[in-house]
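Here is how the chains run, residue by residue.
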Amino acid sequence: MDEKRKTMISCESVDKTFTTKTTTNHVVNKFNLEVKENEFVVLFGPGQCGKTTVLNLMAGLETPTEGRIIVNDKEVKGPDPERGFVYQTLALFPWYTVMQNVEYGLRMKGIKKAERREKAKYYIDLVGLGGFEDSFPNQLSGGMQQRVGIARAYCNEPVVLFMDEPFGHLDAQTRYLMQDEIVKIWEKEKRTVVFVTNNIEEAVFLADRVVVLDGGEIRMDGAPEEVLVRADELRSLSLEVPFACRLSLELQAAGVPVSTCITDDTLKEELCALRSKM
């Protein structure tokens, strides 16, 4: 990680406790994390480990019980237009067209129609939906609808983009295609991205940094290849070890130095090759 890059997100000793009349649930415990500008960080872990809660805290959708979160030099006190969010469940307006959905945030800001249409058209084309501007959500496939959500989030030009398992409801093939697409979009339109998933293959494919959570605490934090070679620790968290991890372990067993052979790029190449055979 480049220490010279600006710190876009800083979580400082963050706790989150949900309390009812009969129960107290500590979901996030003394959570400390820094995310640099234009990093693509994936929060990964088993179900109920606190991933989505951490994401909601960063986005200002939840309030910390203790500690504080700084995003772009400002303490998070609630939602802010500079923090975009893409949800797992589709949150499109069914009575609006693709164009109207994508430009919605700009319209709420009072941007003139010609300007917002031009900007919305750019992001619609960017996610590969050119020609569908006048279509309604019910006329689109699930993957296409999620592309609309991504275009809408980008169109507001947030400095940070949060994504909560956005491809979780898609079939496997569409999910793979969307993962490829989000990498291409991120490479063209750099943003600081924090992405939540419980799929380790997805985490490895997308991230330049993987943060593994369990019990509301960070268990691992590093580049994908650094996390993957700690297979025993992943298994102890009941996390499936995928093809890429097995490959790296086999190379280790054969005496091949993983650090010189398995890189972020080669892991992604192996995953792409595996997918092409499916």
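Our subject is the structure that appears above.
Our subject in this report is the structure included herewith. (Residues numbered from 1 in each chain as written. Predicted model: local features only at pLDDT ≥ 70, side-chain atom pairs only at ≥ 80, totals over all residues. Heavy atoms only, no water.)

1. A word on the overall build of the protein chain
- For the protein chain, the count of helices and strands is 12 helices and 10 strands.
- Buried residues in the protein chain amount to 51% of all 278 residues.
- Long-range pairs, those at least 24 residues apart, make up 68% of the contacts in the protein chain with a sequence separation of at least 6.
- Accessible surface, the protein chain: about 13200 Å² in total, of which carbon and sulfur atoms supply 48%. (Helix = DSSP H or I, 4+ residues; strand = E, 2+ residues; numbered from the N terminus. Buried < 20%, exposed > 50% of the residue type's maximum accessible area, 1.4 Å probe, protein only. Contact = heavy atoms within 4.5 Å. Areas by Shrake-Rupley, 256 points an atom, 1.4 Å probe, with all protein chains shown as cover.)

2. A closer look at the pattern of salt bridges
- Inspection of the entire model under this criterion finds 19 salt bridges.
- Ionic pairing is found between Lys-74 and Glu-82, a salt bridge with its closest N-O pair at 3.7 Å.
- Bridged by salt links that share partners, the residues Asp-15, Lys-30 and Glu-66 form one connected network. (Salt bridge = Lys/Arg side-chain N within 4 Å of Asp/Glu carboxyl O.)

3. A look at helix α6 (residues 172-188)
- Under the 1.5 Å per step criterion, the end-to-end length of α6 is 25 Å for 17 residues, consistent within 8% with the ideal 24 Å.
- Of all the positions in α6, only Arg-175, Tyr-176, Met-178, Gln-179, Glu-181, Ile-182, Val-183, Ile-185 and Trp-186 are classed as buried. (Expected span 1.5 Å × (residues − 1).)

4. Let's talk about the packing of helix α4 (residues 113-126) against helix α5 (residues 142-155)
- The geometry of α4 relative to α5 is characterised by a closest axis approach of 9 Å and an angle of 135° between their N-to-C directions. One element, α4, and the other, α5, form an angle in the oblique class. As for how α4 packs across α5, the hand of that crossing is right-handed. Where α4 abuts α5, its residues Lys-119, Ala-120, Tyr-123 and Ile-124 lie against Ala-151, Tyr-154 and Cys-155.
- Taken together, the residues of the contact of α4 with α5 break down into six nonpolar, no polar and one charged. (Axes fitted to C-alpha atoms, helices over the stretch in contact; angles between N-to-C directions. Parallel < 35°, antiparallel > 145°, perpendicular 65-115°, else oblique. Left-handed = near helix turned anticlockwise from the far one by under 90°. Nonpolar A, V, L, I, M, F, W, Y, C, P; charged D, E, K, R; others polar.)

5. Observations regarding the pairing of strand β10 (residues 217-222)
- In this structure, strand β9 (residues 209-214) lies alongside β10, joined through five bridges in antiparallel fashion. Across the sheet, Val-212 pairs through a bridge with Met-220, a residue of β10.
- Connecting β9 to the antiparallel partner β10 that follows it, the hairpin turn spans two residues, and Gly-215 within it adopts a positive phi of roughly 60°. (Pairing = 2+ DSSP bridges.)

6. Quick look at the environment of Glu-103
- Assignment of secondary structure puts Glu-103 in the loop between α2 (98-102) and α3 (104-108).
- Taking the relative accessible area as the measure of exposure, Glu-103 reaches 2% and is therefore buried.
- Between the alpha carbons of Glu-103 and Lys-119 there is a distance of 7.9 Å; along the sequence they are 16 residues apart.

7. A few points about the sheet that holds β9
- In space, the six strands of this open sheet follow the order β6-β7-β8-β3-β9-β10, with mixed pairing throughout. Each having just a single partner strand, β6 (83-86) and β10 make up the two edges of the open sheet. Within the sheet, the average angular offset between the axes of one strand and its neighbour, ignoring direction, is 20°.
- Against the sheet, α5 makes contact with β6 and β7 (160-164), and its axis sits at roughly 175° relative to β6, the strand it touches most.

8. As for the side chain of Arg-209
- With respect to the helices and strands, Arg-209 occurs in strand β9.
- Using a relative accessible area of 8% as the deciding quantity, one classes Arg-209 as buried.
- Separated by 2.7 Å, the side chain of Arg-209 and the backbone oxygen of Glu-34 make a polar contact. (Polar contact = N/O pair within 3.5 Å; in protein donor to acceptor, adjacent residues only side chain to side chain.)

9. A closer look at the packing of aromatic side chains
- In total, this model carries 11 aromatic pairs according to the counting rule given.
- Centre to centre, the rings of Phe-93 and Trp-95 are 5.5 Å apart; their planes meet at 40°, and the pair counts as tilted.
- Taking relative accessible area as the criterion, Phe-93 reaches 22% and is therefore assigned partly exposed.
- Using a relative accessible area of 56% as the deciding quantity, one classes Trp-95 as exposed.
- The structure contains a cluster of three or more aromatic residues connected by ring pairs, namely Phe-93, Trp-95, Tyr-96 and Tyr-104.
- One residue, Lys-16, lies across the ring of Phe-18, its end atom 5.0 Å from the ring centre. (Phe/Tyr/Trp six-rings, centres within 6.5 Å; stacked < 30°, edge-to-face > 60°. Lys NZ or Arg CZ within 6 Å of the ring centre and 35° of its normal.)

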